[in-house]
Amino acid sequence: MTDMILFHHALGLTEGVEAFADALRAAGHRVTVPDLYDGATFATIEDGVAHAEHIGMDEIIDRGVAVAQNLPENMVYAGFSLGVLPAQKLAQTRSGALGALLYHEGLAASTFGDSWPDQVALQVHLTEHDEWSELDVARELVDGAADGELFLYRGSAHLFTDQSFTEYDPDATKLVLQRSIAFLSRWT
């Protein structure tokens, strides 16, 4: 069993995020899913992003880091889109980080340090034509990791792994889950 923390996207802690976490739990992993929005959820990415901007991106990151302080150090950090902010920061800066699963986004390693830590494994999952993410930045991030993988999926949907959102792609999500579970099994 691998311990991990999974941060939600801009829509908030939706049923789709919970369902994804439940699939990882069913594979035998311990998954913590904090609510960085204190119960608020949104129907559109634009509304969710506006809410996150109102809170402040630094505050979103700080909330995620605060949750992690009560969890083991040796864990995997994961996030969907907006949730990549705290997940990537923790993976790059917290002692004992095992790996990072970044869904729908990947930030430049320089956002949280000089480079991606050699001892931290990395997977990034994006659609090929997602207008909300920067494929070239994700490629650079993965290329700078000693143990990094970038998986591209057809289409342009952003939150395609959330079964409660209109962009949901069940076939692509199944593949993301298979790859994520294989990644997590490295530490069991």
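See the structure above.
**Some words on the nonpolar core**
Step number 1: Grouped together as the largest cluster of nonpolar side chains are 32 residues, with contacts concentrated most on Tyr77, Leu82, Leu102, Trp116, Leu122, Val124 and Leu141.
Step number 2: Of all the elements in the fold, those that place two or more residues in this core are strand 1 (3-7), helix 3 (57-68), helix 4 (84-93), strand 4 (99-103), strand 5 (121-127) and helix 5 (135-143).
Step number 3: Excluding anything up to four places from it in sequence, leucine 82 contacts His8, His9, Ala10, Tyr37, Ala52, Met57 and Ile60.
Step number 4: Counting residues in each nonpolar core, the second largest holds 24 residues, with Phe80, Phe160, Ala172 and Val176 among its members.

**Focus: the layout of surface pockets**
Step number 1: Roughly 220 Å³ of volume is contained in the largest pocket.
Step number 2: Along its surface, the largest pocket is lined by 13 residues, and Val49, Met57, Ser81, Leu82 and Glu105 are the ones closest to its centre.
Step number 3: Among the elements that take part in the lining of the largest pocket, helix 2 (residues 45-55) stands out by supplying 3 residues, more than any other.
Step number 4: Of the residues belonging to the lining of the largest pocket, the class tally is 10 nonpolar, 2 polar and 1 charged.

**Comments concerning the pattern of salt bridges**
Step number 1: For the coordinates displayed, the defined rule picks out 6 salt bridges.
Step number 2: Residues joined by salt bridges that share partners form a network here, namely Asp38, Glu59 and Arg63.

**Quick notes on the packing of helix 2 against helix 3**
Step number 1: At a minimum axis distance of 5 Å, the contact between helix 2 and helix 3 shows a crossing angle of 85 degrees. The angle between helix 2 and helix 3 places the two elements in the roughly perpendicular class. Seen from helix 2, the contacting residues are Ala52, Glu53 and Ile55; seen from helix 3, they are Met57, Glu59, Ile60 and Arg63.
Step number 2: Per-class residue counts for the contact of helix 2 with helix 3 are 4 nonpolar, no polar and 3 charged.

Rules behind the numbers
Residues numbered from 1 in each chain as written. Predicted model: local features only at pLDDT ≥ 70, side-chain atom pairs only at ≥ 80, totals over all residues. Heavy atoms only, no water. Core = buried A, V, L, I, M, F, W, Y, C linked by side-chain atoms within 4.5 Å. Buried < 20%, exposed > 50% of the residue type's maximum accessible area, 1.4 Å probe, protein only. Helix = DSSP H or I, 4+ residues; strand = E, 2+ residues; numbered from the N terminus. Contact = heavy atoms within 4.5 Å. 1 Å grid on protein atoms, 1.4 Å probe; cavity = no way out; pocket = protein on both sides within 12 Å on 5 of 7 lines; lining within 4 Å. Points joined across faces, edges and corners; volume = space filled by probe spheres on them. Nonpolar A, V, L, I, M, F, W, Y, C, P; charged D, E, K, R; others polar. Salt bridge = Lys/Arg side-chain N within 4 Å of Asp/Glu carboxyl O. Axes fitted to C-alpha atoms, helices over the stretch in contact; angles between N-to-C directions. Parallel < 35°, antiparallel > 145°, perpendicular 65-115°, else oblique.

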